[in-house]
Amino acid sequence: MAIVAGVDFGTLSVRASIVDSEKGRLGSATAEYPLLRKRDDPDHATQSHADQLRALMEAMRKALDVAGVSGALVEAIALDTTGSSVIPVGADMVPLNDYYLWCDHRAWKEAGEITHAARAANLAAIDWCGGVYSSEWGWSKLLHWLRNHPEKRAEFATAFENCDMIAAVLCGITDPTAAARSVCAMGHKWMFNEALGGLPAEEFLSQVDPVLAGVREKIGGHYATSDKLAGHLSGEWAEKLGLRAGIPIPVGAFDAHWDAVGSGIREGDVVNVVGTSTCIMAMAKDTGLIPGVCGVVKGSIHPEYFGIEAGLSATGDIFDAIARRAGTTVSELAQGLEKYRAGQTGLLRLTWDNGDRTVLVNAQLGGVTLGWNLTSTAQDELFAAIEGTAYHTRVILERMADHGVRIDRVINAGGIPQRGDTLNRVYANVLNKPVLVPAGDVTSLGSAIFAFLAAGTFQTIEDAQRALSPPWKTYDPEPGEAAVYEELFAIFRKLYFGLGEGEFRDALPRLRAIREVIRE
């Protein structure tokens, strides 16, 4: 028997869980931190490093109390975070600004420039992240920061992903070159590819913008998968967290990747981690390029497999926005949705409210709802948005399957599938596949699994999954509903590609551009 701590940093809160290798989760607690938005700039989304650390201390202390466990008994701690959430730091690891959170899209112009330069240079690395660079990813965010903070460039030592920064702090690392960097984070968001020589070449980065000259060398440290250690818990942070100094901390990763591990992912599975956004995870022993899919990275989910990541830039955030505009909450607006049937609203929703992460990778797109009439309600729109996220997911799964990714099962993980049947029922019918939902909460369970590996409790991920991952509840497709969705999806697909990359591809970006001019 062994006890570890698993930590999950989400968009709005951190969860710490105390997990027993035989009994499972003994207790957990959460602590919130603010997401800093600006009303006059919908692309702005930042978070304070200090707020995250305060919340971690609060959550860990509470989790130990709930579990009734002494921190001295905890044998390892592991953590995952959102991503790409980027923080520039000085030479002593002190943050120079807040995190550019994953959902910060201010760098959409920089992302376009990187994409253009990569295609002009025939940069192979861009192909491994879908052929289009995103405003949600590391290089575009760092370039945006460097351009907009010229007064801080002299202090800039490097930039870290959220997961690597937190791990380094907990290990007491004050030299940026000594910090570990997650292959998961750097592979999916920074074009790191060991087979291609690591990060993109200095010459390429300097061609994108001379302000990036010399930055490649600064993104140093050792790159590793999560079966390796970032270090050991420092005495200072052991005291702050109520744990024992010297326990191992494995290299971190992104929350969705470890949620997939906690959900019991195996080759042939697709795991939809449905929360504020959706991350779609799959893994394969061997695979090639998948156009428009955000990343194919060896070792990003399971150290021995290629991790395949795609997703939707907003899911729960869209549901929340619909409810907010209606002056209510999602839970209240959702009452009665279980009675809705395929096609009954007459609405079709393109869920691009926060841009498109996959397969178009275009942050300049915007949400579209077709079919409104004078009796349409906010509840109708919410149901159409659920259907829209399911259609969008099907587009992604079809792209994966077209390029050789085996899809035997679909697992809906994350917070939203746990809250009710409607979303899972719609997904099963739209995808026309059984949808499995973990019977228990898997948030931070993936972190615990990697903590157990670091402690030596389990020898393989599969052993830990068999011991800890919960069983599933299955939603089977209903033939009548699936038939209606087959017809609706054909319409959705035509609109998705027509507005996204076809004849009308300029319409939504032009609306955005006009808005930006008027607001200046």
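The rules behind the values
Residues numbered from 1 in each chain as written. Predicted model: local features only at pLDDT ≥ 70, side-chain atom pairs only at ≥ 80, totals over all residues. Heavy atoms only, no water. Buried < 20%, exposed > 50% of the residue type's maximum accessible area, 1.4 Å probe, protein only. Helix = DSSP H or I, 4+ residues; strand = E, 2+ residues; numbered from the N terminus. Pairing = 2+ DSSP bridges. Contact = heavy atoms within 4.5 Å. Axes fitted to C-alpha atoms, helices over the stretch in contact; angles between N-to-C directions. Parallel < 35°, antiparallel > 145°, perpendicular 65-115°, else oblique. Nonpolar A, V, L, I, M, F, W, Y, C, P; charged D, E, K, R; others polar. Phe/Tyr/Trp six-rings, centres within 6.5 Å; stacked < 30°, edge-to-face > 60°. Lys NZ or Arg CZ within 6 Å of the ring centre and 35° of its normal. Core = buried A, V, L, I, M, F, W, Y, C linked by side-chain atoms within 4.5 Å.

Student: So what's going on with the pairing of strand S16 (residues 278–284)? Which residues, and what values?
Tutor: Among the 7 residues in S16, 7 count as buried, and that is most of the element. Here S16 shows no split at all, with Thr 278, Ile 280, Ala 282 and Ala 284 on one side and Cys 279, Met 281 and Met 283 on the other all buried. Relative to S16, strand S15 (residues 269–274) runs antiparallel, the two sharing 5 bridges. Considered in S16, the bridge of Val 270 is made with Ala 282. Counted between consecutive antiparallel strands, the loop separating S15 from S16 contains 3 residues. Where S16 meets strand S18 (residues 306–312), 7 bridges bridge the pair, whose relative direction is antiparallel. Within the sheet, the bridge partner assigned to Met 281 lies in S18 and is Glu 309.

Student: Could you give an account of the sheet that holds strand S2 (residues 13–20), with specific residues and numbers?
Tutor: Pairing is mixed across the open sheet formed by 5 strands, whose spatial order is S3-S2-S1-S6-S14. With one partner strand each, in any of the chains shown, strand S3 (24–32) and strand S14 (253–254) form the two edges of the open sheet. Where strand S1 (residues 3–9) meets S2, 7 bridges bridge the pair, whose relative direction is antiparallel. Its bridge partner lying in S2, Gly 6 is registered against Ser 17. Running over the sheet, helix H15 (residues 445–455) touches S1, S2, S3 and strand S6 (74–81) and is turned about 135° from S6.

Student: An account of unusual backbone geometry is needed here, citing residue identities and associated values.
Tutor: The linkage connecting Gly 83 with the following residue, Ser 84, adopts the cis geometry, with an omega of 5°. As for its placement among the helices and strands, Ser 84 is situated in the loop between S6 and strand S7 (86–89). Cis rather than trans, the peptide bond between Thr 358 and Val 359 has omega equal to 5°. Structurally, Val 359 is set in the loop between strand S19 (348–350) and strand S20 (368–370). Non-glycine residue Met 93 carries a positive phi angle of around 70°. Of note, Met 93 is situated in the loop between S7 and strand S8 (99–100). Residue Met 93 is classed as buried on the basis of its relative accessible area of 6%.

Student: Before we move on, can you summarise the packing of helix H10 (residues 255–262) against H15 with the specific residues and values?
Tutor: At their nearest, the axes of H10 and H15 sit 7 Å apart, and the two run at 80° to each other. Overall, the two elements H10 and H15 adopt an arrangement that is roughly perpendicular. Contacts from Trp 258, Val 261 and Gly 262 of H10 reach H15 at Leu 445, Gly 446, Ser 447, Ile 449 and Phe 450. The residue makeup of the contact of H10 with H15, split by class, is 5 nonpolar, 3 polar and no charged.

Student: How would you explain the side chain of Arg 512 if you had to name every residue and give the values?
Tutor: Relative to the helices and strands, Arg 512 is located in helix H18 (residues 507–519). With a relative accessible area of 10%, Arg 512 lands in the buried category. Setting aside residues no more than four positions away along its own chain, Arg 512 makes contact with Asp 43, His 105, Trp 108, Ala 363 and Gln 364.

Student: Help me get a handle on the packing of aromatic side chains, residues and values and all.
Tutor: Counting across every chain of the model gives 14 aromatic pairs. Residues Tyr 496 and Phe 497 carry aromatic rings whose centres are separated by 4.9 Å and whose planes lie at 75° to one another, so their mutual orientation is edge-to-face. Taken together, the ring pairs connect Trp 352, Tyr 391, Tyr 485, Phe 489, Phe 492, Tyr 496 and Phe 497 into an aromatic cluster. A cation over an aromatic ring shows up here: Arg 106 above the ring of Tyr 100, its NZ or CZ 4.4 Å from the ring centre. Lying over the aromatic face of Trp 237, Lys 240 brings its terminal NZ or CZ to 4.4 Å of the ring centre.

Student: Please provide a residue-by-residue account of the sheet that holds strand S21 (residues 409–413), values included.
Tutor: Taken together, the 7 strands give an open sheet; going across it, the order is S17-S18-S16-S15-S21-S22-S23, and neighbouring strands pair in mixed fashion. Lying at the two open borders of the sheet, with one neighbouring strand each, are strand S17 (295–298) and strand S23 (472–475). Neighbouring strand axes in the sheet, compared pairwise and without regard to direction, differ in orientation by 25° on average. In the packing of H10 onto the sheet, the strands contacted are S15, S16 and S18, and the crossing angle to S16 comes to about 60°.

Student: Lay out the nonpolar core in plain terms, naming residues and giving numbers.
Tutor: Among the nonpolar cores identified, the biggest contains 59 residues, and Ile 280, Ile 308, Trp 352, Met 400, Tyr 485, Phe 492 and Tyr 496 are the most heavily contacted of them. Top element by residues in this core is helix H13 (residues 378–402). It accounts for 10 residues. When near neighbours in sequence (up to four residues on either side) are disregarded, Phe 492 contacts Leu 348, Arg 349, Leu 350, Gly 388, Tyr 391, His 392 and Val 395. By size, the runner-up hydrophobic cluster in this structure holds 47 residues, among which are Ile 18, Leu 64, Ala 238 and Ile 249.

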